[in-house]
Amino acid sequence: LSVSETAKVSGVKNKTVRRAIQAKTVKYKVINNRYFIEFSSVVSYLKETKKLGNKLDQFGVGQYVEKWKKF
């Protein structure tokens, strides 16, 4: 996913996704000067903190998931 797509499905802002990329806490590739992010690593990153995990659950794809598996 791109940065903006990741932000939309995660329920967070682009800035949060870019901060995770800069800290190298999510898996990504750079193709033609664009980031492509592995979504499972984003979910793992967001679930590490309660605040970001809540945003994922309330505003992101988490609102459609009944129960998350442990990563």
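Please refer to the structure higher up on the page.
Read on for a plain summary of the structure. Quick caveat, the model's predicted, so the values are computed rather than measured.

Some remarks on the overall build of the chain
Assigned secondary structure in the chain consists of 4 helices and 2 strands. When its helices and strands are written in sequence order, the chain yields α-α-β-β-α-α. Scaling as 2.2 N^0.38, a compact globule of 71 residues should have a C-alpha radius of gyration of about 11 Å, and the chain matches this with 11 Å. Viewed in the frame of its principal axes, the chain has a C-alpha envelope of about 35 × 20 × 20 Å. In the chain, which comprises 71 residues, the proportion classed as buried is 31%. The contacts of the chain with a sequence gap of at least 6 include a subset with a gap of at least 24, amounting to 41%. Counting only carbon and sulfur atoms, one obtains 51% of the accessible surface of the chain, whose full area is about 5400 Å². Placing the 16 positive and 5 negative side-chain charges of the chain at their respective mean positions leaves the two points 7 Å apart.

Here we look at the side chain of Thr 16
Mapped onto the elements of the fold, Thr 16 is located in helix α2 (residues 14-22). Discounting chain neighbours no more than four positions away, the residues touching Thr 16 are Tyr 45 and Leu 52.

Some thoughts on a positive patch on the surface
A surface patch of like charges, here positive, comprises Lys 13, Lys 15, Arg 19, Lys 51 and Lys 55. Those elements giving two or more residues to the positive patch turn out to be α2 and α4 (50-59). Checked against the element boundaries, Lys 13 lands in the loop between α1 (3-10) and α2.

Quick word on α2
Structurally, the α-helix is built with 3.6 residues per turn, so residues lying three or four positions apart point the same way. Of all the residues in α2, the buried ones are Thr 16, Val 17, Ala 20 and Ile 21. Axial view of α2: buried residues confined to an arc of 140°, hence all on one face. Residues Lys 15 and Gln 22 are exposed on α2 and point more than 90 degrees away from its buried face. Close packing links the buried residues of α2 with α1, β1 (28-31), β2 (34-37), α3 (39-47) and α4. At the C-terminal side of α2, Lys 24 shows a positive phi close to 60°.

Parameters at a glance
- Residues numbered from 1 in each chain as written.
- Predicted model: local features only at pLDDT ≥ 70, side-chain atom pairs only at ≥ 80, totals over all residues.
- Heavy atoms only, no water.
- Helix = DSSP H or I, 4+ residues; strand = E, 2+ residues; numbered from the N terminus.
- Rg over C-alpha atoms; globule rule 2.2 N^0.38 Å.
- Buried < 20%, exposed > 50% of the residue type's maximum accessible area, 1.4 Å probe, protein only.
- Contact = heavy atoms within 4.5 Å.
- Areas by Shrake-Rupley, 256 points an atom, 1.4 Å probe, with all protein chains shown as cover.
- Lys, Arg positive; Asp, Glu negative; His and termini not counted.
- Charge placed at Lys NZ, Arg CZ, Asp CG, Glu CD.
- Patch = residues over 30% accessible without salt bridge, like charges linked within 9 Å, V, L, I, M, F, W, Y side chains within 5 Å.
- Salt bridge = Lys/Arg side-chain N within 4 Å of Asp/Glu carboxyl O.
- Arc of directions from axis to C-beta.

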